[in-house]
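As a plain string of letters, each chain reads:
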Amino acid sequence: MTKDSKIKELPIDWKALDTFLNIHSPSTGESNATEVIAKYMYDLGVHVQKDSFGSVICTIPSKKKDAPTLLLDAHLDEVGFKVIDITKGGFIRFQKLGGSDLHCSMGTEITIHTSKGKIPGVLANKSIHLKKYSEKFEMPRIEHLFIDVGVTSIDEVKKLGIVRGDLVTVNGNFRWLNKNRLIGRALDNHAGCFILSQILAKINHISKKRELPFNIIGCFSVQEEIGLRGATIISNKLNPDFSIVIDLTVATDHPEVDLKKNAEIKLGSGPVIRKGLGEHHDLVETVCKIAENNKMLYQIDPSTAGANNQDIIYKKGIPGISFGPSSRYLHSTITMVDKKDIEICINLINKCLHDSSLQAQFLNLHPYLKEWKPSSKSRSKSRSKSRSKS
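Each value, and the rule that gives it
- Residues numbered from 1 in each chain as written.
- Predicted model: local features only at pLDDT ≥ 70, side-chain atom pairs only at ≥ 80, totals over all residues.
- Heavy atoms only, no water.
- Pairing = 2+ DSSP bridges.
- Helix = DSSP H or I, 4+ residues; strand = E, 2+ residues; numbered from the N terminus.
- Axes fitted to C-alpha atoms, helices over the stretch in contact; angles between N-to-C directions.
- Contact = heavy atoms within 4.5 Å.
- Core = buried A, V, L, I, M, F, W, Y, C linked by side-chain atoms within 4.5 Å.
- Buried < 20%, exposed > 50% of the residue type's maximum accessible area, 1.4 Å probe, protein only.
- Left-handed = near helix turned anticlockwise from the far one by under 90°.
- Nonpolar A, V, L, I, M, F, W, Y, C, P; charged D, E, K, R; others polar.
- 1 Å grid on protein atoms, 1.4 Å probe; cavity = no way out; pocket = protein on both sides within 12 Å on 5 of 7 lines; lining within 4 Å.
- Points joined across faces, edges and corners; volume = space filled by probe spheres on them.
- Salt bridge = Lys/Arg side-chain N within 4 Å of Asp/Glu carboxyl O.

A. Quick look at the sheet that holds strand E17 (residues 320-324). Read across the sheet, eight strands follow the order E1-E2-E12-E3-E13-E17-E15-E16 without closing on themselves; strand pairing throughout is mixed. Two strands bound the open sheet, and with one partner strand each, they are strand E1 (47-50) and strand E16 (299-301). Ignoring which end each strand starts from, the neighbouring axes of this sheet average 25° apart. Of the strand pairs in this sheet, strand E2 (residues 56-60) and strand E12 (residues 215-221) are connected by five bridges, and their pairing is antiparallel. Opposite isoleucine 57, over in E12, you have cysteine 219 as the bridge partner. Packed on one face of the sheet, helix H5 (residues 229-238) meets E2, strand E3 (69-75) and E12 and runs near 155° to E12.

B. Spotlight on the nonpolar core. Core analysis: the biggest nonpolar cluster contains 60 residues, and Leu72 and Phe220 have the highest contact counts within it. Of the residues forming this core, the biggest block, nine residues, is contributed by helix H4 (residues 187-207). In terms of nonpolar packing, the next biggest core, distinct from the first, is built from 18 residues, Val83, Ile86, Leu102 and Leu123 among them.

C. How the structure looks around the packing of H4 against helix H8 (residues 339-354). Between H4 and H8, the shortest axis-to-axis distance is 10 Å and the interhelical angle comes to 35°. For the element pair H4 and H8, the recorded crossing hand is right-handed. Contacts between H4 and H8 involve Phe194, Ile195, Gln198, Ile199, Lys202, Ile203 and Ile206 from the first element and Ile342, Cys345, Ile346, Ile349, Asn350, Leu353 and His354 from the second. Broken down by class, the residue content of the contact of H4 with H8 amounts to ten nonpolar, three polar and one charged.

D. Inspection of the layout of surface pockets at higher detail. What the largest pocket holds in volume is close to 510 Å³. Surrounding the largest pocket, 27 residues form its lining, Thr249, Val250, Asp301, Ala305 and Gly306 being those nearest its centre. Secondary-structure elements contributing two or more residues to the lining of the largest pocket are strand E14 (249-250), strand E15 (272-274) and E17. Tallying contributions element by element places E17 first for the lining of the largest pocket, with three residues. Split into classes, the residues belonging to the lining of the largest pocket amount to eleven nonpolar, nine polar and seven charged. Volume-wise, the second largest pocket comes out at about 320 Å³.

E. How the structure looks around the sheet that holds strand E10 (residues 175-177). As summarised here, the arrangement of the three strands in space is E10-E11-E19, forming an open sheet in which the pairing is antiparallel. Strands at the two margins of the open sheet, each flanked by one partner only, are E10 and strand E19 (335-338). Neighbour-to-neighbour, the strand axes of the sheet open up by a mean angle of 35°, direction not taken into account.

F. How the structure looks around empty space enclosed by the protein. What the rule picks out here adds up to one cavity of 30 Å³ or more. Looking at the largest cavity, it is lined by 16 residues, and the ones nearest its centre are Val79, Val170, His331, Ser332 and Thr333. Residue assignment for the lining of the largest cavity shows that the elements contributing at least two residues are strand E4 (80-86) and strand E9 (167-170). Here the lining of the largest cavity takes three residues from E9, the largest share from any one element. Its residues assigned to classes, the lining of the largest cavity comprises five nonpolar, eight polar and three charged.

G. How the structure looks around the pattern of salt bridges. Going through the model one piece at a time under the given rule, you end up with 13 salt bridges. With its nearest N and O atoms 3.2 Å apart, the salt bridge here joins aspartate 311 to arginine 274. Pair noted here: aspartate 311 is in helix H7 (residues 309-314) and arginine 274 is in strand E15, with a separation of 37 residues, a long-range link. Like arginine 274, aspartate 311 is buried.

H. Broad picture of the environment of lysine 237. Examined against the element boundaries, lysine 237 turns out to sit in helix H5. With relative accessibility at 70%, the residue lysine 237 sits in the exposed group. For lysine 237 and aspartate 51, which are 186 residues apart along the polypeptide, the C-alpha to C-alpha distance reads 9.9 Å.

Here it is in structure tokens:
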């Protein structure tokens, strides 16, 4: 995809933030969100499919014969809770769904997603006035927490349609904070899905007038938060040759973070390129050079803690990279990201897809196995060593 000045680039559709950031998509219960995302992509003229588990798959084929396939992935599910029991008094016991942060969840308005519809409630704990002195300084265990939906009996709960296994998400629409900062629930990874949607829109627009070097698969994958399950299925079934994963990462630019143990990652300082265990480090270096050549801000996250979809795709023998905006308060009831980081992330990935050096490196990694022969330098070194021995 070499640059062509005659093709006008699509602007970022910032109005679509509402579409992506206000959806509810608890892991294993993403169906409403997948419908919203599928319709948005379909309306852009992209070919859209859904797999048996709910992942939304957008394909933009290359006209080039035998072109390799590049997977662009962003998971659409979010952490939450799951109903496990109902008490005689009509209170609801629950368990965590993914890595939800209980420290921030007490007193939060929630939604229970039932077969009959959405039921509002509050995630509660006994009042501080009723706690023992020692309890006031302790984090309650999950078995001491409950959900209150405003009823007084188990029969009333059942009439609402609430049953064991129903999924729970926290409430709250996104909003702007100080013009450039976004706050909202589940920006991990709805912000990543917005980024992917804009990249696919740009690629689809360009593909009408220019030959793509790769077949493009854009995947809004399910069930990342409970074990990278959706990406496992996608990488097995679709078998791409390379991958770029878009996901939020943790910012460390706020109080109570030990920077002796964590890399400094700041909001507003550019997207974060992971250099962990699942990324192909040669590709990471190339992306960094592309960012520098285009005078784009970026940050490196060297952490080997945590995981995203690239970690499981890598285990399938598929080389790739992952990056996305940094975020404060990840997996809590509210997350914060910077608009500038989202914008740079979209533009950087778009630049990468147009850059001949990354295209060449991707193609150099394809196929998986290639015949090895010593280079001319290594052959000359070998001959000089044998002459010196003789």
